[in-house]
Number of protein chains: 2
Amino acid sequence: MANPTAAMLVIGDEILSGRTQDTNSNHLAKNLTEIGIDLQEIRVVADDPAQIVNAVNALRGSFDHVFTSGGIGPTHDDITADCIAKAFGIGIDIREDARAILATNYTNPADLNGMRLRMARIPDGASLIDNPVSKAPGFQIENVYVMAGVPTVFKAMLASVMPKLTGGTPLLSVSVRVDQPEGNIAGPLAKIAAQHPDVGIGSYPFIQDGRFGSNLVARSTDKALLDIVAAKLGTI
Amino acid sequence: MANPTAAMLVIGDEILSGRTQDTNSNHLAKNLTEIGIDLQEIRVVADDPAQIVNAVNALRGSFDHVFTSGGIGPTHDDITADCIAKAFGIGIDIREDARAILATNYTNPADLNGMRLRMARIPDGASLIDNPVSKAPGFQIENVYVMAGVPTVFKAMLASVMPKLTGGTPLLSVSVRVDQPEGNIAGPLAKIAAQHPDVGIGSYPFIQDGRFGSNLVARSTDKALLDIVAAKLGTI
């Protein structure tokens, strides 16, 4: 049976302006790969309602799981929760369980001000995602997991979500470093790839100290087959 | 007049598996922001012909410029050039000018082997993008710029392309660091944002040494207006 599929949706002008380097996608990718969920697409869109709604609807219809990061804080530019509600065509309002969780952050109840209460706005029917770092929860609705953009919080939320996901057969990989330019080894590499159509074989060139080399990576769910291919790659 | 728009298409299983952290998008974003081209979307797709062709066609129809990275080397898994040709519905073959450029890499003509010649396969009518690092050219066809995935080569190719792009009005930004949690300042921040609907104001929270803070970023093409907003943000 094919592995479950997933997409990542990163929401944030700061990624698109170059101000911030997105690292949440890479963290998600590593976690999903380990449990056999195939991350098949990453999209980054701006803090723009139409773009967010369109991307959420395109991705949730095409993949088994969609993970989002960004835009669920207390400030005026945090519009993700409302956009998710709009994408699903459902209501959104402050929810008592989310408000109660937020309230544990503050000894003075007045500190849970109107803007902070924005973080308790949860689309109807969603379940909350635990946030051990800063309390304000993420949420899951159907196959969409809505999480924070701050990397430490994103990681903590994803750690809450991972045990609930049903993985597939983890894709194993072996990497063989070759200190030759890709063009020298592309022929024999293509032959090995043709002999093993069920093994994904990629060549990732690098430049180190002015010299070209390549990491040859073979990927398969079949450990024995991978060992055979790795041995062949080692003779290139 | 609105600024030109752009999208980035990153092609590569290694990004989606988490093996490699994409940094080319961030480099592109910074360069485009400086000259007033608005990067509005980033997509990462796998080394899969259908996904690449669909993404190229979706993006080139929606944005003024599309920049791609990855998949133009000599190995069997380098399928980007063929997918671009397919997306445009045009032919692709080894081209003499590209072959001549590649040939300058090798004193022994036999080194320009069949696999290396894959890098001289250029879609009909494309113009070449200079690659001062490793010679193998990228190419431009209509509004799509096809470049390498290796960051040093991507950067060199982009440097060849940038002078040919017509920018818009650069979006300027100011950043004000506030050592308070977002929830404390979200109210006054929303008021400033409401007073200046033409200025994009974002709040980017961070956690440093266990304490919450936020970088408030205002973006506008109008320097004088930006100074006014920055002064207000400084009083938060």
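Residues numbered from 1 in each chain as written. Chains lettered and ligands numbered in written order. Predicted model: local features only at pLDDT ≥ 70, side-chain atom pairs only at ≥ 80, totals over all residues. Heavy atoms only, no water.

Residue-level contacts link 59 residues of chain A with 59 residues of chain B. Surface buried jointly by chain A and chain B totals about 4,400 Å² across both partners, of which 54% is contributed by carbon and sulfur atoms. The interface formed by chain A and chain B includes zero salt bridges. By residue number, the principal contributor to the side of chain A that touches chain B is helix H8 (residues 182–195) of chain A, which donates eight residues. Summarising the sheet, strand S2 (residues 38–45) of chain A and strand S2 (residues 38–45) of chain B pair through five bridges and their orientation is antiparallel. If you follow A:Val44 over to S2(B), its bridge partner there is B:Ile42. (Contact = heavy atoms within 4.5 Å. Buried area = accessible area lost by both parts, 1.4 Å probe. Salt bridge = Lys/Arg side-chain N within 4 Å of Asp/Glu carboxyl O. Helix = DSSP H or I, 4+ residues; strand = E, 2+ residues; numbered from the N terminus. Pairing = 2+ DSSP bridges.)

Nonpolar side chains tend toward joint burial in soluble globular proteins. Formed by 120 residues in total, the largest nonpolar core has its most connected members in A:Phe67 and B:Phe67. Contact partners of A:Phe67, with chain neighbours within four places excluded, come to A:Ala6, A:Ala7, A:Met8, A:Leu9, A:Leu28, A:Leu32, A:Tyr145, A:Met147, A:Leu158, A:Val161 and A:Leu165. (Core = buried A, V, L, I, M, F, W, Y, C linked by side-chain atoms within 4.5 Å. Buried < 20%, exposed > 50% of the residue type's maximum accessible area, 1.4 Å probe, protein only.)

Moving on to the sheet that holds strand S9 (residues 172–178) of chain B. Residues and elements named next belong to chain B. Overall, antiparallel pairing links the three strands, which are arranged S9-S11-S10 in an open sheet. Unpaired on one side and paired on the other, S9 and strand S10 (200–208) mark the two borders of the sheet. Between one strand and the next, the sheet's axes are offset by a mean angle of 20°, whatever the strand orientation. In terms of strand pairing, S10 meets strand S11 (residues 211–220) through nine bridges, oriented antiparallel. By the bridge assignment for S11, Pro205 is matched with Ser214. Of the strands in this sheet, S9, S10 and S11 are in contact with helix H8 (residues 182–195), which crosses S10 at around 170°. Seen against the sheet, helix H9 (residues 223–234) touches S9, S10 and S11 and runs at an angle of roughly 5° to S9. (Axes fitted to C-alpha atoms, helices over the stretch in contact; angles between N-to-C directions.)

With that settled, the discussion passes to the domain arrangement of chain A. Segmenting chain A into domains produces domain 1 (5–164) and domain 2 (173–233). The gap between the C-alpha centroids of domain 1 of chain A and domain 2 of chain A is 37 Å. (Domains from an automatic or database assignment.)

Below, the discussion takes up the pattern of salt bridges. All names here are of chain A. One pass over the full model with this rule turns up 14 salt bridges over all chains. Close ionic contact of Asp82 with Arg121 constitutes a salt bridge, the shortest N to O distance being 2.5 Å. Highlighted residues: Asp82 in helix H4 (residues 80–88) and Arg121 in strand S5 (residues 121–123), separated in sequence by 39 residues. Judged by its relative accessible area of 22%, Arg121 falls in the partly exposed class. A salt bridge links Glu96 to Arg99, with the shortest nitrogen-to-oxygen separation between them at 3.1 Å. Of this pair, Glu96 and Arg99 both sit in helix H5 (residues 96–103), three residues apart, which is roughly one turn of that helix. A relative accessible area of 34% places Arg99 in the partly exposed class.

Let us look at the relation of the copies chain A and chain B. Between the two copies, chain A and chain B, the superposition gives an RMSD of 0.0 Å; the rotation angle is 180° and the shift along the axis is 0.0 Å. The relationship between the two copies is best expressed as a two-fold rotation axis. When C-alpha positions in chain A are compared against the rotation axis, the closest is assigned to A:Arg43, at 2.2 Å. Interface overlap between copies: 100% of the residues of chain A at the interface are likewise at the interface in chain B, consistent with a symmetric, same-surface contact. (Least-squares fit on C-alpha atoms with pLDDT ≥ 70 in both.)

Looking now at the packing of aromatic side chains. Evaluated as defined, the whole model comprises two aromatic pairs over all chains. For the ring pair B:Phe67 and B:Tyr145, a centre distance of 4.9 Å and an interplane angle of 15° mean the geometry is stacked. Residue B:Phe67 is found in strand S3 (residues 65–69), and its partner B:Tyr145 is found in strand S8 (residues 144–147); the two are separated by 78 residues along the sequence. A relative accessible area of 0% means that B:Phe67 is categorised as buried. Taking NZ or CZ as reference, A:Arg60 lies 3.8 Å from the ring centre of A:Phe88, over its face. (Phe/Tyr/Trp six-rings, centres within 6.5 Å; stacked < 30°, edge-to-face > 60°. Lys NZ or Arg CZ within 6 Å of the ring centre and 35° of its normal.)

Let us now look at a nonpolar patch on the surface. Side chains of A:Val133, B:Ile207 and B:Phe212 sit close together on the surface and give an oily, nonpolar patch of about 200 Å² of accessible area. Inspection of the secondary structure assignment puts A:Val133 in the loop between strand S6 (127–129) and strand S7 (138–141). (Patch = residues over 30% accessible without salt bridge, like charges linked within 9 Å, V, L, I, M, F, W, Y side chains within 5 Å. Areas by Shrake-Rupley, 256 points an atom, 1.4 Å probe, with all protein chains shown as cover.)

This next bit is on the environment of B:Pro188. All names here are of chain B. Relative to the helices and strands, Pro188 is located in helix H8. Of the residues examined, Pro188 reaches a relative accessible area of 38% and is grouped as partly exposed. Separated by 39 residues in the primary sequence, Pro188 and Asp227 have C-alpha atoms spaced 17 Å apart.

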